[in-house]
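Single-letter residue listing:
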Amino acid sequence: QVQLVQSGGGLVQAGGSLRLSCTASGRIFGNYAMGWFRQAPGAERAFLASISWIVVTRYADSVKGRFTISRNAAKNTVYLEIDPLKPEDTAVYYCTAGQSLVVVTAGRGDYWGQGAHVTVSS
């Protein structure tokens, strides 16, 4: 059984920075791709960033330059850094893992984290 456990989030101020973490446990292979999505109030879940096991990255155009995805393969952990934060970043953030970068980027990952609430105050 695979689990993705997220940490980070909470109430943060605009202009600051934030790092979200997502650690995979169970029978997940090191060559899995991982990614991040978010769902703002009243909106659908939207792709943010993804990273392959050979550290190829993809970003949504709307977050390029402010969001950075990275991973620590030894820890089965993926990170998402947001800098600077904006009020419109308020959302629930989800990590995901799947067998390829294409699958994860399309939102069809096999596994999803529990979600982390991020509220950005102005």
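The notes below deal with the structure included here. Since the structure is predicted, the reported quantities are computational estimates derived from the model, not experimental observations.

Further remarks concern the sheet that holds strand β7 (residues 67-72). Strand order in the open sheet formed by four strands is β1-β3-β8-β7, with antiparallel pairing between adjacent strands. The sheet terminates laterally at β1 (3-7) and β7, the two strands that pair on one side only. Across the sheet, the axes of successive neighbouring strands diverge by a mean angle of 20°, strand direction being ignored. The pairing of strand β3 (residues 18-25) with strand β8 (residues 77-82) spans six bridges and is classified as antiparallel. By the bridge assignment for β8, Ser-21 is matched with Tyr-79.

The subject of this paragraph is a nonpolar patch on the surface. On the surface, Trp-53, Ile-54 and Val-56 cluster together into a nonpolar patch covering about 310 Å² of accessible area. The class of Val-56 is partly exposed, set by a relative accessible area of 30%.

Residue position: Thr-77 is located in strand β8. Only 2.9 Å separates the side chain of Thr-77 from the backbone oxygen of Lys-75, close enough to count as a polar contact. Setting aside its immediate chain neighbours within four residues, Thr-77 contacts Ser-21, Cys-22, Thr-23, Ser-70, Arg-71 and Asn-72.

In this structure the tally under the stated criterion is one disulfide. Paired through a disulfide, Cys-22 and Cys-95 show a sulfur-sulfur distance of 2.0 Å. When the S-S torsion is 60°, as for the bridge of Cys-22 with Cys-95, the disulfide is right-handed. Of this pair, Cys-22 sits in strand β3 while Cys-95 sits in strand β9 (residues 91-98), placing them 73 residues apart in sequence. Like Cys-22, the residue Cys-95 is buried in the burial classification.

Rules of the game
Residues numbered from 1 in each chain as written. Predicted model: local features only at pLDDT ≥ 70, side-chain atom pairs only at ≥ 80, totals over all residues. Heavy atoms only, no water. Pairing = 2+ DSSP bridges. Helix = DSSP H or I, 4+ residues; strand = E, 2+ residues; numbered from the N terminus. Axes fitted to C-alpha atoms, helices over the stretch in contact; angles between N-to-C directions. Patch = residues over 30% accessible without salt bridge, like charges linked within 9 Å, V, L, I, M, F, W, Y side chains within 5 Å. Areas by Shrake-Rupley, 256 points an atom, 1.4 Å probe, with all protein chains shown as cover. Salt bridge = Lys/Arg side-chain N within 4 Å of Asp/Glu carboxyl O. Buried < 20%, exposed > 50% of the residue type's maximum accessible area, 1.4 Å probe, protein only. Polar contact = N/O pair within 3.5 Å; in protein donor to acceptor, adjacent residues only side chain to side chain. Contact = heavy atoms within 4.5 Å. Disulfide = S-S within 2.5 Å.

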